[in-house]
Amino acid sequence: MTATIANPVPGGRKRRAARDGRPGRKLTFDNVSFMVVFLGLPVTVFAVFVLWPFAQAAYFALTNWSGFSPDYDVIGLDNFGDLWSDQLFRRAVRNNVILAVVVPLATIVIALTFATIMTIGGSSHGQLRGIRGSSFYRVVSFFPYVVPAIVIGLIWSKIYDPTSGLLNGTLTKLGLDQFEAFAWLGKQSTARWAVIFVIMWGFVGFYMVLFIAAIKGIPAELYDAARIDGCGRARMTFSVTIPMIRDAVQTAYIYLGIFALDAFVYVQAMTPTGGPENSTLTISQRLFRTAFTEGKFGYASAMGVVLAAVTLLFAGLVFTVSWLTGGRDKRSKA
Amino acid sequence: MRHFRRGGDTVVSSVSHVVLAIWSVVVVAPLLWALLSSFKTTREIFASPFTFPADWNLDNYYSAWIDERFGRYFRNTVVVVGAALVIVMLLGAMCAYVLARFRFPGNRLIYYTMLAGLTFPVFLAIVPLFKLMQGFHLLNTQPGLVVVYVAFALPFTVFFLYPFFKRLPDEVSEAAAVDGASEWRTFFQVMLPMARPGMVAVAIFNFLGLWNQFLLPLSLNTAQDNYVLSQGVNRFASQAGYATDFGAMFAAVMITVVPVLVMYVVFQRQLRGSVQQGTFR
């Protein structure tokens, strides 16, 4: 790693001469071919395989297309009307909203707690540092992030297995006999929470590492000053850490929310049929089955549009809450 | 006062260690349990979650690799992910470079459109994408899967390489221009090598993301000969219960996990640095 890159120019914001007109920039074959290939190729691929399908989905949502017949009718907003009275779909939306509220909140609280312990949880004297062995915990906690989600789902579905699973085996060993054949994924009261826990298990480590990086970016003087003023660890966390890394928390919240609104892989692996009383059914699962099993592409596209709308609404909500709870002070200063 | 503080430190650090240790166990135990189970027979798996296999052998791995065709899925995954990774890194670097260092009308528009592509749910696109691939005769083919992988990994790649190219000093590209290097040469021989740390980090993330890809192959790659590993695992998940060879299932899980875990352990230093640089700077 060269020094130039490891330490980017301190005044990185300075105006770049190259962009304002490089010397002798004419339309040569070199220039033109360069731009066509360098910009044209990636943008074309992106437009054809990402943007175009998104745009089409919005149109298909207004049709009764089955996906296999060549012709179809434009039926306007009928699909959305049907969705509104579709009990199963409403159930799925409700489940997704619960996931999008609980998963990010719980994951971030845990990840932030761990990150705090590992960065400022050490001795309250001398240099600010985390507790001993932090790097070990960090590497271990990150493991789940590299395990494919479908594998996470499958392993946990076996751990939750009523009779031969690791969880009930452990609980019974601890003397809790009532769990001897407890069906974690088969009972309406526990299935949802079992799924939520698995998603959290997969993400806590990653967001912990993100928060550790963010906390390390806070100038140490702030913590020193807080200490001199007599702040304890809890006070430092709420008065220094959280305000300083609020952008990171906000990003994490949005990303986790988007994952939770999808959640397809996890529920597909653990409760492929929607769980007891459809308590873990998600929009994505409904959509997939409607499109590829029931052959209602138009109706499925309408579900996709609703999912996208819920996602955007969620992101907007996070931004608004963040802005209302103090982000605006920071913005106006920046 | 001082004495009291010290006592507080000890309590805090003990509690912290206990909490983190419990979490570490919760993280590692399932993985180790899956590893252990991958050596047990289906009968042993059902007998008890804790017992060790009576006979340590690779029978399960053999049947997963041959009978359950994970050897083939493994090869498919390596081919598809490898090809997509090379192409997306090249296209992504080119696009990020142009967006970061050239000024032209539409620059911001393209950048923000890509950013939006990063947040939209893939599910919305899946139905039309199916139809589109069918139209191009790319449905159920490996090249088709590669193209889609590239397209959907592109926004992430561009977005995270952008700051790396933005940070490169202008003097270098100016010097190259003065020396008469063409735009092409400046990129491939000067700028791209300088962005190497960023390229490595983004490549690792893309590798993880593509190796773990699930929804795209599941809906666009339904020919069993072309299955990737995650689809093979999914087959186990959806058939679970009916005369499944659970030993082979755990072996298949291990076959899927081990390459990514090895990648992570080998590259975890780069990964850590990049998380910091890419997301918060």
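Every value quoted in this text rests on a predicted model; they were computed, and no experiment measured them. All residue numbers here refer to positions counted from 1 along the written sequence of the relevant chain. All chains are assigned letters beginning at A, and all ligands numbers beginning at 1, according to the order in which they are written. Selection of residues for local features in this predicted model requires a pLDDT of at least 70, selection of side-chain atom pairs for listing and counting requires 80 or more, and totals for whole chains, interfaces and linings are taken over all residues.

**Observations concerning the interface of chain A and chain B**
Move 1: We call two residues in contact when the distance between their C-beta atoms, placed using the backbone, is within 7 Å. Listed by partner, the interface residues are 89 residues for chain A and 83 residues for chain B.
Move 2: A run of DSSP states H or I qualifies as a helix once it reaches four residues; a run of E qualifies as a strand once it reaches two. Both are numbered from the N-terminal end. Considering each element in turn, the side of chain A that touches chain B owes the most residues, 19 residues, to helix 2 (residues 29-60) of chain A.
Move 3: Any residue outside Ala, Val, Leu, Ile, Met, Phe, Trp, Tyr, Cys, Pro, Asp, Glu, Lys and Arg is labelled polar, Gly included; the first ten of those are nonpolar and the last four are charged. In terms of residue class, the side of chain A that touches chain B is made up of 62 nonpolar, 20 polar and seven charged.

**Focus on the packing of helix 5 (residues 107-119) of chain B against helix 7 (residues 142-167) of chain B**
Residue and element names in this part refer to chain B.
Move 1: At a closest axis distance of 8 Å, the pairing of helix 5 and helix 7 adopts a crossing angle of 125°. Of the possible angle classes, the one that applies to helix 5 and helix 7 is oblique. For helix 5 against helix 7, the interelement crossing comes out left-handed. For the pair helix 5 and helix 7, contact is made by M114, L115, G117 and L118 and by P155, F156, V158 and F159, respectively.
Move 2: Classifying every residue of the contact of helix 5 with helix 7 gives seven nonpolar, one polar and no charged. In this analysis, axes come from line fits to C-alpha atoms, helices being fitted only over the stretch in contact, and the angle between any two N-to-C directions falls in the range 0 to 180 degrees. In this scheme, roughly parallel covers angles under 35 degrees and roughly antiparallel covers those over 145, while 65 to 115 is roughly perpendicular and the rest are oblique. In this scheme, a crossing is called left-handed if the near helix is turned counterclockwise away from the far one by less than a right angle; it is called right-handed if the turn is clockwise.

**Some details on helix 12 (residues 229-239) of chain B**
Move 1: Residues are called buried when their C-beta atom has 20 or more other C-beta atoms within 10 Å, exposed when it has 12 or fewer, and partly exposed otherwise; all C-beta atoms are positioned from the backbone. In terms of residue burial, helix 12 of chain B counts as a mostly covered element, since eight of its eleven residues are buried.
Move 2: Among the residues of helix 12 of chain B, those classed as buried are L229, S230, Q231, G232, V233, N234, F236 and A237 of chain B.

**Quick notes on the confidence of the model for chain B**
All names here are of chain B.
Move 1: When pLDDT is averaged across chain B, the result is 85; 91% of the residues are at 70 or more.
Move 2: Ranking the elements of chain B by mean pLDDT puts helix 13 (residues 246-280) last with 75 and helix 4 (residues 70-101) first with 94.
Move 3: Within a predicted model, pLDDT stands for the predictor's per-residue confidence, ranging from 0 to 100. Segment residues 276-281 is flagged for pLDDT under 50; beyond a separation of four residues in sequence, or across chains, it makes nine contacts in the model.
Move 4: The ipTM, which scores confidence in the relative placement of chains, is 0.85 for this predicted complex, and the corresponding pTM is 0.84.

**Some thoughts on unusual backbone geometry**
Move 1: Even without being a glycine, N278 of chain A presents a positive backbone phi close to 55°.
Move 2: What makes N278 of chain A buried here is the crowd of 20 C-beta atoms within 10 Å.
Move 3: A positive phi angle is found at H137 of chain B, which is not glycine, with a value near 60°.
Move 4: Relative to the assigned elements, H137 of chain B resides in the loop between helix 6 (122-135) and helix 7.
Move 5: For H137 of chain B, a count of 10 C-beta atoms within 10 Å gives the class exposed.

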